[in-house]
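Chain by chain, the residues run as shown.
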Amino acid sequence: MTCEDAHLNMHDYISGELDAEHYKHLLDHMDECPNCREFFRQTEHIQSTMRDFLQYDAPSELQTAVSNILANA
Ligand SMILES: [Zn+2]
């Protein structure tokens, strides 16, 4: 798996669309790749931050901005 593939899989994982087999490949890749491990940690952080914002009715511009960050990562 390339880092690019790993990033794509992370997006699927965050949106709940990653199957178990790809998830395992993703974990294997992160075992060997500190960059992706760090990226995944940040992505999960952004995701949980976004969840918190949604609970407080964040302005839609902010939700869009966060989505753009995730889409372009
Ligand atoms: Zn990587």
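For the structure itself, consult the block above.
Residues numbered from 1 in each chain as written. Predicted model: local features only at pLDDT ≥ 70, side-chain atom pairs only at ≥ 80, totals over all residues.

S.K.: Looking at this structure, how should I read helix α1 (residues 3-14)?
M.R.: Here α1 spans 16 Å end to end across 12 residues, near enough to the 16 Å set by a 1.5 Å rise per residue. Regarding α1, the residues found buried are Ala 6, Asn 9 and Met 10. Buried residues in α1, looked at end-on, bunch into an arc of 110°, giving them a common side. Of the surrounding secondary structure, the elements contacted by the buried residues of α1 are α2 (20-32) and α3 (34-55). Positive phi shows up at Gly 16, right after α1, with a value of about 75°. (Helix = DSSP H or I, 4+ residues; strand = E, 2+ residues; numbered from the N terminus. Expected span 1.5 Å × (residues − 1). Buried ≥ 20, exposed ≤ 12 C-beta atoms within 10 Å, placed from the backbone. Arc of directions from axis to C-beta. Contact = placed C-beta atoms within 7 Å.)

S.K.: Help me out: how do you make sense of the packing of α3 against helix α4 (residues 60-72) in this one?
M.R.: Between α3 and α4, the least distance of the axes is 11 Å, while the angle of their chain directions is 165°. Taken together, the axis directions place α3 and α4 in an arrangement best described as roughly antiparallel. Considering the relative orientation of α3 and α4, their crossing is left-handed. Residues Thr 43, Ile 46, Met 50 and Phe 53 of α3 pack against Leu 62, Gln 63, Val 66, Ile 69 and Leu 70 of α4. A class-by-class count of the residues in the contact of α3 with α4 yields seven nonpolar, two polar and no charged. (Axes fitted to C-alpha atoms, helices over the stretch in contact; angles between N-to-C directions. Parallel < 35°, antiparallel > 145°, perpendicular 65-115°, else oblique. Left-handed = near helix turned anticlockwise from the far one by under 90°. Nonpolar A, V, L, I, M, F, W, Y, C, P; charged D, E, K, R; others polar.)

S.K.: Looking at this structure, how should I read the environment of Ala 71?
M.R.: Its place among the elements puts Ala 71 in helix α4. In the structure, Ala 71 is positioned 64 residues away from His 7 in sequence and 9.9 Å away in space, judged by C-alpha atoms.

S.K.: What is the right way to look at the packing of α1 against α2 in this model?
M.R.: The axes of two packed helices give the description: the angle between them and the distance between them. Packing of α1 against α2 leaves a shortest axis separation of 10 Å and a crossing angle of 130°. Compared by their axis directions, α1 and α2 come out oblique. At the point where α1 passes α2, the crossing takes the left-handed sense. Across from Ala 6, Asn 9, Met 10 and Tyr 13 in α1, the residues of α2 making contact are His 22, Tyr 23, Leu 26 and His 29. In terms of residue class, the contact of α1 with α2 is built from five nonpolar, three polar and no charged.

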